[in-house]
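Structure at a glance
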Amino acid sequence: MRLLVIGGVAAGLSAASRARRIDPSLEIVVLEKGADISYGACGLPYYLEGRVRDAGQLKVYTPEYFRTERNIAVRTGARVVSISHARREVVLDRAAERVHYDKLVIATGARPRTADFEGAASPQVFTLHTLEDAERLKTYLRDKQPKHALVIGAGYIGLETADALRRNGLAVTVVEQSPDVLGRGDAELTKAVRERLERFRVVLQLNTRVSDLQGYDLAIMATGLRPNVEIAAEAGVQLGPAGAIRVDEHMETNLPGVYAAGDCAEAPHLVTGRPAYIPLGTTANKMGRVAGANAAGRRERFGGIVGTAILNVFGMGVAFSGLSAGQARREGFSPVSARITANSRAGYFDGRPMTVELVADSATRRLLGGSIWGEDGVEGRINVIATALYNRMRVEDLEQLDLAYAPPFATVWDPVVIAAQQLSKMV
Ligand code: FAD
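Residues numbered from 1 in each chain as written. Predicted model: local features only at pLDDT ≥ 70, side-chain atom pairs only at ≥ 80, totals over all residues. Heavy atoms only, no water.

Some points on the overall build of the protein
- When you go through the protein residue by residue, the secondary structure sums to 12 helices and 22 strands.
- In terms of principal-axis extent, the alpha carbons of the protein reach across some 65 × 50 × 40 Å.
- Restricting to contacts in the protein with at least 6 residues of sequence separation, those with at least 24 account for 64%.
- With an accessible surface of roughly 18,900 Å², the protein has 49% of that area assigned to carbon and sulfur atoms. (Helix = DSSP H or I, 4+ residues; strand = E, 2+ residues; numbered from the N terminus. Contact = heavy atoms within 4.5 Å. Areas by Shrake-Rupley, 256 points an atom, 1.4 Å probe, with all protein chains shown as cover.)

Encoded structure:
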């Protein structure tokens, strides 16, 4: 019995590892087209910045580790070009080699979308998606010493890259075609990010489409992701509305015995109740784990996502979970929102102001989302909101939460509770 996994990063290796733990007798083969496996792409902006000095620190495991410690064969430089489910085999580009499977996990990830503008194909235009991308970019910074960088896209990768380049001494302009950052449609969040960028002399141009490179000697395309689904779709695997692979709660596709996980697949969104495409590492690992368990004979389910994310913008934590008010309206809810600013911890323990915005449905009082920004304590609070969303909590439940307090860590009225009290007056 052979489990074949396509893709050797977060989702693929989580799947392979979990399958191994469940079934020691399974033959497990991972096919990865690139040269690297098991690396933390999330650390790439910090490698670019220089805070992570050695790319090796981002590599978690080697193929050798998987072979000796987990009895999993990982083949790098092995690109799958097609899947024949009728024959239960995949075809590799190298010598058209055919590899049989009994169960298949597709964990092919995503690739950066490319923007179409004059000069888009020139050598000073980069993406930041793989270790190779980061190495190329670092080499370019060292050899060409660019002075003016253009970052196209104000999603989290664009903003983190802008931070990294600015800290390397470049003048940085971020352009974004929509009126807001981070795809939230949230004017206040956008204002806070803009102010932070301006403080560090990064220019943010919203409602702007790039038409050419306008004298910039470096450009980073951070215009979103496109799931790698072509070989799956050609094999008859169904896609969802966002173009990612449609899976059931067991991570199984419409083809029996074929699973998908990570950035190539959609995930059930627990707030909207519909599948969503929000590619993130946390989700990829969890989905991969479930796909691997089920490919090895279990019947586990993936609980779904609430769209939680956090990023660092020049020392300011920016985090959100669930829906913004605008997104909630578009989803057919009747949202009300409240925004407060409060200290992250006691003032005499260097408490910093943090802004918390909560959104709830006025019809049901159910929490729909929240966003937080500030220099301190953002991660703990957004995780409270994420947990509340996961458990479909209502505003009054949030008000009653028994959260930890001591002066070095929090305030006696936690900012999340204060925001919930404020919101409670409005729903
Ligand atoms: P990938 O990591 O894309 O791996 C898929 C693999 O499949 C690739 O190695 C690819 O080469 C291989 N493959 C594709 N097609 C084939 C084929 N035909 N044959 C063989 N192999 C194939 N997430 C967070 O949660 N928090 C963060 O802070 C965060 N920061 C990030 C910062 C950056 C700069 C980037 C790029 C991503 C970040 N992410 C973050 C996202 C996170 O890295 C991804 O969600 C995660 O890597 C997805 O894992 P995956 O296994 O689904 O896909």
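Past the structure itself, the notes keep going.
A look at the domain arrangement of the protein
- Partitioning the protein into structural domains gives domain 1 (2-42 + 51-110 + 226-295), domain 2 (125-221) and domain 3 (309-424).
- The interface is formed by 10 residues belonging to domain 1 together with 6 residues belonging to domain 2.
- Summed over both sides, the interface between domain 1 and domain 2 buries roughly 630 Å², with carbon and sulfur atoms accounting for 55% of that surface.
- At the surface where domain 1 touches domain 2, the tally comes to 0 salt bridges. (Domains from an automatic or database assignment. Buried area = accessible area lost by both parts, 1.4 Å probe. Salt bridge = Lys/Arg side-chain N within 4 Å of Asp/Glu carboxyl O.)

Examining the pattern of salt bridges
- Under the criterion given, the structure shown has 28 salt bridges.
- Note that D414 and R381 form a salt bridge whose closest N and O atoms lie 3.0 Å from each other. Taken as a pair, D414 in the loop between α11 (395-399) and α12 (415-424) and R381 in helix α10 (residues 378-390) lie far apart in primary sequence, 33 residues in all. As far as the burial class goes, D414 and R381 line up, both buried. (Buried < 20%, exposed > 50% of the residue type's maximum accessible area, 1.4 Å probe, protein only.)

Regarding the side chain of T127
- Its location among the elements puts T127 in the loop between β9 (125-126) and α4 (131-144).
- On the accessibility criterion, T127 (16% relative accessible area) is buried.
- Only 3.3 Å separates the side chain of T127 from the side chain of D133, close enough to count as a polar contact.
- Each residue touching T127, except ones within four places of it in the same chain, is listed here: P112, D133 and M221. (Polar contact = N/O pair within 3.5 Å; in protein donor to acceptor, adjacent residues only side chain to side chain.)

What about the site of the ligand?
- As a structural note, the neighbourhood of the ligand is formed by 30 residues, with A11, E32, V80, D263 and L280 the closest of them.
- G281 is positioned with one of its backbone polar atoms (N or O) 3.0 Å from an oxygen atom of the ligand.
- T282 has a polar backbone atom sitting 3.5 Å from an oxygen atom of the ligand.
- Coverage of the ligand by the protein amounts to 89% of the 1,000 Å² it exposes when considered alone.
- Elements that contribute at least two residues to the shell around the ligand include exactly α1 (10-22), α5 (156-167) and α8 (281-295).
- A per-element tally of the shell around the ligand places α8 first, with 3 residues. (Near = heavy atom within 4 Å.)

Let's talk about the sheet that holds strand β11 (residues 171-175)
- Read across the open sheet, the 5 strands follow the order β9-β13-β10-β11-β12; overall the sheet is parallel. Looking at the sheet topology across the chains shown, the edges are occupied by β9 and β12 (202-205).
- With 4 bridges joining them, β11 and β12 adopt parallel strand pairing. The residue of β12 that forms the bridge with V175 is Q205.
- Sitting on the sheet, α5 is in contact with β10 (148-152), β11, β12 and β13 (218-221), with an inclination near 170° to β11. (Pairing = 2+ DSSP bridges. Axes fitted to C-alpha atoms, helices over the stretch in contact; angles between N-to-C directions.)

Remarks on a nonpolar patch on the surface
- On the surface, Y348, F349, Y405, V412 and W413 cluster together into a nonpolar patch covering about 610 Å² of accessible area.
- Residue class for V412 comes out exposed when judged on its relative accessible area of 62%. (Patch = residues over 30% accessible without salt bridge, like charges linked within 9 Å, V, L, I, M, F, W, Y side chains within 5 Å.)

Brief notes about the nonpolar core
- If you look at the biggest cluster of nonpolar residues, it comprises 53 residues, and the most contacted ones within it are I83, V90, L104, V105, I106 and I245.
- Beyond its immediate sequence surroundings of up to four residues, I83 is in contact with I6, E89, V90, Y101, L104, I106, I231, A232 and A235.
- In terms of nonpolar packing, the next biggest core, distinct from the first, is built from 44 residues, F126, L141, L311 and F320 among them. (Core = buried A, V, L, I, M, F, W, Y, C linked by side-chain atoms within 4.5 Å.)

What about the packing of aromatic side chains?
- What the rule picks out here adds up to 6 aromatic pairs.
- Both rings, one in Y61 and one in Y65, keep their centres 4.3 Å apart while their planes meet at 15°; by these two values the pair is stacked.
- Among the residues examined, Y61 registers a relative accessible area of 31% and is labelled partly exposed.
- Exposure remark for Y65: the relative accessible area of 26% places this residue in the partly exposed category.
- Grouped by ring-pair contacts, the aromatic residues Y61, Y65 and F66 constitute a single cluster.
- The cationic tip of R70 hangs over the ring face of Y61; the distance from NZ or CZ to the ring centre is 5.0 Å.
- One residue, K138, lies across the ring of Y47, its end atom 4.5 Å from the ring centre. (Phe/Tyr/Trp six-rings, centres within 6.5 Å; stacked < 30°, edge-to-face > 60°. Lys NZ or Arg CZ within 6 Å of the ring centre and 35° of its normal.)

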